[in-house]
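# Observations on the three-dimensional arrangement
Okay, here's what each chain looks like letter by letter:
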Amino acid sequence: SAVISQKPSRDICQRGTSLTIQCQVDSQVTMMFWYRQQPGQSLTLIATANQGSEATYESGFVIDKFPISRPNLTFSTLTVSNLSPEDSSIYLCSGDRVGQTQYFGPGTRLLVL
Amino acid sequence: ELKVEQNPLFLSMQEGKNYTIYCNYSTTSDRLYWYRQDPGKSLESLFVLLSNGAVKQEGRLMASLDTKARLSTLHITAAVHDLSATYFCAPYAGGTSYGKLTFGQGTILTVHP
């Protein structure tokens, strides 16, 4: 199975600040994605992290609020900008291995005060 | 836009009983994933169903896929307490949306003695 790690595992932030989440995957993953899971809810795809180019965002998510980088095949960051309490969620990165499953990282639990 | 409906959303079962969770989706998809999520944890991949008529079994869980009916099922046989968790189905968008998953609402399963 693919190994996916995320940092930080949790954080408490003040409104108006930003949080950057790091995701490291092993070398056999081809695609990387970022999801949000609001409390008690299902997962919603934020964007596809494209290596060396701008991420592809889903409807309702914009680059100014959720800038994403993927400088190489195995690493990506998601920044949640200008935080508000509504951003309190779990943020998960995932890696897709061709012909296999999509693996998820342990998640980053964000609380905005 | 791919829409996914799971039912039931809440399932309370007695140990030893059988039950089925249903996952209906709105547009063509030839691949579907099932995940398990324990409270406070990330997602664990259970099954990847890659074609019409695919059936996979692991322990007390069996998943199937009918792409013509746009339906997947997760059957639980002789439930045990350890199966208590939230179960998500996620059809794969396909086409130019490689790797993108759309998640169902989740089914919260509680198994009682």
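One can find the structure itself at the top, above this paragraph.
What you see is a predicted model, and the numbers here were worked out from it, not measured in a lab. (Residues numbered from 1 in each chain as written. Chains lettered and ligands numbered in written order. Predicted model: local features only at pLDDT ≥ 70, side-chain atom pairs only at ≥ 80, totals over all residues. Heavy atoms only, no water.)

## Re the overall build of chain A
Going by this rule: Each helix corresponds to a stretch of at least 4 residues labelled H or I by DSSP, and each strand to a stretch of at least 2 residues labelled E; elements are numbered beginning at the N terminus. Our radius of gyration looks at C-alpha atoms and nothing else; its globule reference is 2.2 Å times the residue count to the power 0.38. For the exposure calls, accessible area comes from a 1.4 Å probe over protein chains only, and a residue counts as buried if that area is under 20% of its type's maximum, exposed if over 50%, partly exposed in between. For this analysis, residues touch if any pair of their heavy atoms sits within 4.5 Å.
For chain A, the helix and strand inventory stands at 0 helices and 11 strands. In chain A, the order of α-helices and β-strands from amino to carboxyl end is β-β-β-β-β-β-β-β-β-β-β. A globule of 113 residues ought to have a C-alpha radius of gyration of about 13 Å, and chain A, at 13 Å, matches this closely. Expressed as a percentage of its 113 residues, the buried residues of chain A come to 50%. The long-range share in chain A, meaning contacts at least 24 apart out of those at least 6 apart in sequence, stands at 53%.

## Concerning the nonpolar core
Here is the rule we go by: As used in this record, nonpolar core signifies buried Ala, Val, Leu, Ile, Met, Phe, Trp, Tyr and Cys residues forming a set joined through side-chain atoms within 4.5 Å.
Grouped together as the largest cluster of nonpolar side chains are 25 residues, with contacts concentrated most on A:Trp34, A:Ile46, A:Phe66, A:Ile68, A:Leu78 and A:Tyr91. Here the element with the most residues in this core is strand β3 (residues 19-25) of chain A; it accounts for 4 residues. Residue contacts for A:Leu78: discarding those within four places in its chain leaves A:Leu19, A:Thr20, A:Ile21, A:Trp34, A:Ile46, A:Phe66, A:Pro67, A:Ile68 and A:Tyr91. Among the nonpolar cores identified, the runner-up in size contains 24 residues, and B:Cys23, B:Ala54, B:Ala79 and B:Val111 belong to it.

## Thoughts on the state of the cysteines
All names here are of chain A. To keep things clear, this is the line we draw: Note on terminology: pairs of cysteine sulfur atoms within 2.5 Å are recorded as disulfides.
The final tally for this structure, using the stated rule, is 2 disulfides over all chains. In this model, Cys23 is linked to Cys93 through a disulfide, with the two sulfur atoms separated by 1.9 Å. The S-S bond linking Cys23 to Cys93 shows a torsion near 70°; that makes this disulfide right-handed. A residue pair is termed long-range when its members are at least 10 positions apart, and Cys23 in strand β3 and Cys93 in strand β9 (residues 89-96) qualify at 70 residues. On the accessibility criterion, Cys23 (0% relative accessible area) is buried. Note on Cys93: relative accessible area 1%, which makes it buried.

## Some points on a nonpolar patch on the surface
For clarity, the threshold we go by: By definition, no residue in a patch forms a salt bridge, and every one has over 30% relative accessible area; like charges are joined within 9 Å, nonpolar side chains (Val, Leu, Ile, Met, Phe, Trp, Tyr) within 5 Å. The method behind every accessible area is Shrake-Rupley, applied with a 1.4 Å probe, and residues are considered shielded solely by the protein chains displayed. Each salt bridge in this description consists of a side-chain nitrogen of Lys or Arg and a carboxyl oxygen of Asp or Glu lying within 4 Å of one another.
Taken together, the side chains of A:Ile12, A:Leu111 and A:Leu113 make up a nonpolar region of the molecular surface, amounting to roughly 280 Å² of accessible area. By relative accessible area, which is 55% here, A:Ile12 ends up exposed.

## Brief notes about the sheet that holds strand β6 (residues 55-58) of chain B
Residue and element names in this part refer to chain B. Condition: Any two strands are treated as partners once DSSP identifies two or more bridges connecting them. Helix axes use the C-alpha atoms of the stretch in contact, all axes being lines fitted to C-alpha atoms, and the angles between their N-to-C directions lie in the range 0 to 180 degrees.
The sheet built from 5 strands is open, its strands ordered β1-β3-β8-β7-β6 with antiparallel pairing. Each having just a single partner strand, β1 (4-7) and β6 make up the two edges of the open sheet. If you compare each strand with its neighbour and ignore which way they point, the axes differ by 15° on average. Relative to strand β3 (residues 19-25), β1 runs antiparallel, the two being bridged by 4 bridges.

## Observations concerning the sheet that holds strand β8 (residues 75-80) of chain A
All names here are of chain A. Read across the sheet, 4 strands follow the order β1-β3-β8-β7 without closing on themselves; strand pairing throughout is antiparallel. A single partner strand is all that each edge strand has here, and the edge strands are β1 (4-7) and β7 (68-72). Each neighbouring strand pair of the sheet contributes to a mean axis angle of 15°, computed without reference to strand direction.

## Points about the side chain of A:Ser76
All names here are of chain A. The condition that has to hold: The term polar contact refers here to a pair of N or O atoms within 3.5 Å; inside protein, the definition further demands a hydrogen-donor-capable atom paired with an acceptor-capable atom, and it admits residues adjacent in sequence only when both atoms are side-chain atoms.
Mapped onto the elements of the fold, Ser76 is located in strand β8. Looking at Ser76, its side chain comes within polar contact range of the side chain of Trp34, at 3.0 Å. Apart from residues lying up to four places away in sequence, Ser76 is in contact with Ile21, Gln22, Cys23, Met32, Trp34, Ala49, Ile68, Ser69 and Arg70.

## Points about the pattern of salt bridges
Any two side chains of opposite charge can pair, given that their charged atoms come close. Inspection of every chain in the model, using the stated rule, returns 4 salt bridges over all chains. Between B:Lys100 and A:Glu58 there is a salt bridge whose closest N-O contact spans 2.9 Å. Here the residue B:Lys100 occupies a position in strand β10 (residues 97-101), and A:Glu58 occupies one in the loop between β6 (56-57) and β7, the pair thus bridging two chains. Here the two residues B:Lys100 and A:Glu58 agree in accessibility, since each one is buried. Of the charged contacts in the structure, one is a salt bridge between B:Asp38 and B:Arg36, with a shortest N-O distance of 2.9 Å.

## Description of the interface of chain B and chain A
Rules: As a working definition, buried area equals the accessible area (1.4 Å probe) given up by two parts on being put together, with both sides summed.
Taken together, the 18 residues of chain B in the interface contact 22 residues of chain A. Of the roughly 1500 Å² buried between chain B and chain A on both sides combined, carbon and sulfur atoms contribute 51%. Linking chain B with chain A are 1 salt bridge, by the criterion used here. Counting across the interface, chain B meets chain A through 7 residue pairs in polar contact (both at pLDDT 80 or more). Sorting the residues of the side of chain B that touches chain A by element identifies β4 (32-37), β5 (43-49) and β10 of chain B as the ones contributing at least two each.

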